[in-house]
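# A closer look at the structure
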Amino acid sequence: MEYAGLLDGRASKRHLDRLLIQIKRKYPGIKYAWVLEFQTRTHNPHYHILASHFVDKDWLAQTW
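Below or above, wherever it landed, is the structure these notes cover.

Conventions used here
- Residues numbered from 1 in each chain as written.
- Predicted model: local features only at pLDDT ≥ 70, side-chain atom pairs only at ≥ 80, totals over all residues.
- Heavy atoms only, no water.
- Helix = DSSP H or I, 4+ residues; strand = E, 2+ residues; numbered from the N terminus.
- Buried < 20%, exposed > 50% of the residue type's maximum accessible area, 1.4 Å probe, protein only.
- Areas by Shrake-Rupley, 256 points an atom, 1.4 Å probe, with all protein chains shown as cover.
- Salt bridge = Lys/Arg side-chain N within 4 Å of Asp/Glu carboxyl O.
- Phe/Tyr/Trp six-rings, centres within 6.5 Å; stacked < 30°, edge-to-face > 60°.
- Lys NZ or Arg CZ within 6 Å of the ring centre and 35° of its normal.

Our next topic: the overall build of the protein. Counting its secondary structure elements, the protein contains 2 helices and 4 strands. In the protein, the succession of α and β elements from N to C terminus is β-β-α-β-β-α. Here the protein holds 64 residues, and the buried ones make up 20% of them. About 5,100 Å² of surface is accessible on the protein, with carbon and sulfur atoms providing 56% of the total.

Here it is in structure tokens:
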């Protein structure tokens, strides 16, 4: 659900799931851990992802 242009946790997680599918296709065997965090003032969700492989930032920005 989105309100006032913001994504809630569930909608944000759906976006992350789609991204992780693409990452697994491009980097077979990759292992990762992620944490969802909401910004203090804006309450916008964002993720921290730690990966076992280098992930090209340009590819990631385009795919996300």
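Moving on from the coordinates now.
Here we take up the pattern of salt bridges. Evaluation of the coordinates by the stated rule reveals 2 salt bridges. Salt-bridge contacts for Asp-58 lead to Lys-57; the nearest nitrogen and oxygen are separated by 3.4 Å. A residue is classified by how much of its surface remains accessible, and Asp-58, at 51% relative accessible area, is exposed.

Glancing now at unusual backbone geometry. Most peptide bonds take the trans configuration, and most residues that are not glycine carry a negative phi. Positive phi, close to 65 degrees, is recorded for His-43, a residue that is not glycine. Mapped onto the elements, His-43 comes out in the loop between strand S3 (32-38) and strand S4 (45-51).

Across all of its chains, the model carries 2 aromatic pairs by this definition. Between Tyr-27 and Trp-59 the ring centres are 5.8 Å apart and the planes differ by 85 degrees, which places this aromatic pair in the edge-to-face class. Taken together, the positions of Tyr-27 in the loop between helix H1 (9-26) and S3 and Trp-59 in helix H2 (residues 57-63) put the pair 32 residues apart, joining distant regions of the chain. For the pair Tyr-27 and Trp-59, one class covers both residues: buried. Measuring from centroid to centroid gives 5.6 Å for Trp-34 and Tyr-47, while their planes differ by 75 degrees, and the two rings are edge-to-face. Highlighted residues: Trp-34 in strand S3 and Tyr-47 in strand S4, separated in sequence by 13 residues. Sitting above the plane of the Tyr-27 ring, Lys-26 keeps its charged end 5.8 Å from the centroid.

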